[in-house]
Amino acid sequence: MAPALHRAQSIAQLRALARRRLPRAVFDFFDGGAEEEISLGANTAAFEQARLLPRVLTDVSQVDTATRLLGAPSALPLAIAPMGAIGLGWRGADVAVARAAAAAGVPYTLSSAAHSTIEEVARSAGGRLWFQPYMLRQTEFVHGWVERARAADYEALVITVDLPVGGNRERDRRNHFTLPFRLTPRNFLDFASRPGWSLPMLLRGQPVMGNMVGLAGGSGKTTSAGSTVGSNMDASFGWDALQRIRDHWPRKFIVKGVLRAGDAQRLAAMGCDALVVSNHGGRQLDGAMPTFDALPAVVAAVQGRAEVLLDGGVRRGRHVVQALAAGASGVLVGRGVLYGVAAAGEPGARRALEILREELTRTMRLCGCRSVGEIDRALLAA
Ligand code: FNR
């Protein structure tokens, strides 16, 4: 492992390494949120406002972080969130993160807006794989993805419901960042200042979004960076269409992007195996409720009929403990791992997961929890 990577002791330090390596426009596309970035900041801040009440004098010499997610074993109570276009940060990032997840024993979610194809990841990574198909207007194309995911043995579909249209990502507009990105007089200096990133991109060209190849009028390339697939989203996608997908997918079914108790109740009733309390990492509706604050009402509404996962702002093992104490079965991690892979490829993604594992283990010990099952509501101060 490169010395800088080894020295990185926190996700924040991996973020600093990624920032140093990437052109600003690319870093901002990964790091940023919508509009004033209120929800982006509030996600992590909500964890920091909660206070822990540790149990003392328990024997924590042996601690087990293993759990079950969606009915199957996971070495940690976390999975990788779907992230499109991250191959711009590191060529082959999707496979790199999927491999790191498999090595850490946690599920990986491939986005339909990733650069690597459904089959490529299945072939190269191993481990538990989930697939997130965006609901595009081209429904035949979407059904094709679902069939491919079934054929490639993905165990779950993740349907993201908080993106009827793309969010308003102002950092991207300010940076003149489009997908595919274009060199313009305005951003030339930005790219020129990071030759380690720019030269290989110039020589080998930009990666193509493999799963988008064949999309009507597309070649795997799309034009708006604010949301890569935003311009093709089916804004009319609703409950009936969701039910049809559920009925045609015999395996595990996850809906991501839920904040309201009423929606959660209805999703549990229609046979979802899990919900992800998510505001898309603050990249969609700015001002949306922080996920840690929205979690308790969703957990109460679901009444154990579906697993409840949470994402948004998880940067510390402590945050995982807090989410579990508030009733989540596990968390999804997005940028936390993205910073690692963007800093240093697969070793960087592995380091990110290692940091989270170490922090989680230490926090469990400090809280007097020997197992994930012992993380309960009593750990959170009222
Ligand atoms: C995302 N997210 C996302 N979600 C999704 O369902 N499909 C996608 O293609 C993407 N793409 C994407 C790209 C990038 C660069 C980021 C940072 C995020 C949202 C993601 O799955 C998750 O909800 C958030 O990232 C969680 O917040 P944190 O962990 O990044 O704070």
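Everything discussed here concerns the structure shown above.
Residues numbered from 1 in each chain as written. Predicted model: local features only at pLDDT ≥ 70, side-chain atom pairs only at ≥ 80, totals over all residues. Heavy atoms only, no water.

A.B. asks: What exactly am I supposed to notice about the overall build of the protein chain here?
C.D. replies: Scanning the protein chain from N- to C-terminus turns up 15 helices and ten strands. Against the 2.2 N^0.38 benchmark of 21 Å for 382 residues, the protein chain shows a C-alpha radius of gyration of 20 Å, consistent with a compact globule. When the backbone C-alpha atoms are referred to their principal axes, the protein chain occupies close to 60 × 50 × 40 Å. Each of the 382 residues in the protein chain was classed as buried or not, and the buried ones make up 57%. Long-range pairs, those at least 24 residues apart, make up 74% of the contacts in the protein chain between residues at least 6 apart in sequence. When the accessible surface of the protein chain is summed, it comes to about 15600 Å², and 54% of that surface belongs to carbon and sulfur atoms. Placing the 45 positive and 34 negative side-chain charges of the protein chain at their respective mean positions leaves the two points 5 Å apart. (Helix = DSSP H or I, 4+ residues; strand = E, 2+ residues; numbered from the N terminus. Rg over C-alpha atoms; globule rule 2.2 N^0.38 Å. Buried < 20%, exposed > 50% of the residue type's maximum accessible area, 1.4 Å probe, protein only. Contact = heavy atoms within 4.5 Å. Areas by Shrake-Rupley, 256 points an atom, 1.4 Å probe, with all protein chains shown as cover. Lys, Arg positive; Asp, Glu negative; His and termini not counted. Charge placed at Lys NZ, Arg CZ, Asp CG, Glu CD.)

A.B. asks: I would appreciate a short explanation of empty space enclosed by the protein in the present structure.
C.D. replies: One simple way to see leftover space: roll a probe sized like a water molecule over the atoms. Under the criterion given, the structure shown has three cavities of 30 Å³ or more. Reported here for the largest cavity is a volume of approximately 470 Å³. Residue lining of the largest cavity: 33 residues in total, with P82, M83, G84, H280 and R283 positioned closest to the centre. Only α3 (24–31), β10 (330–333) and α15 (335–366) provide two or more residues apiece to the lining of the largest cavity. For the lining of the largest cavity, the class distribution of residues is 14 nonpolar, 13 polar and six charged. (1 Å grid on protein atoms, 1.4 Å probe; cavity = no way out; pocket = protein on both sides within 12 Å on 5 of 7 lines; lining within 4 Å. Points joined across faces, edges and corners; volume = space filled by probe spheres on them. Nonpolar A, V, L, I, M, F, W, Y, C, P; charged D, E, K, R; others polar.)

A.B. asks: What should I look at first to understand the packing of aromatic side chains in this one?
C.D. replies: The relative placement of two aromatic rings is captured by the distance of their centres and the angle of their planes. Summed over the entire model, instances satisfying the criterion amount to eight aromatic pairs. For the ring pair F27 and Y339, a centre distance of 6.4 Å and an interplane angle of 25 degrees mean the geometry is stacked. Of this pair, F27 sits in helix α3 while Y339 sits in helix α15, placing them 312 residues apart in sequence. Take F27 and Y339: they sit in the same class, and that class is buried. Here the aromatic rings of F191 and W197 are separated by 5.5 Å at their centres, their planes lie at 25 degrees, and the arrangement is stacked. Using a relative accessible area of 4% as the deciding quantity, one classes F191 as buried. Here the aromatic residues F131, F141, W145 and Y154 are joined through ring pairs into a cluster of three or more. Here the basic side chain of R266 rests over the ring of W239, its NZ or CZ set 4.0 Å away from the ring centre. The ring of F29 has R283 lying over it, and the distance from NZ or CZ to the ring centre is 5.2 Å. (Phe/Tyr/Trp six-rings, centres within 6.5 Å; stacked < 30°, edge-to-face > 60°. Lys NZ or Arg CZ within 6 Å of the ring centre and 35° of its normal.)

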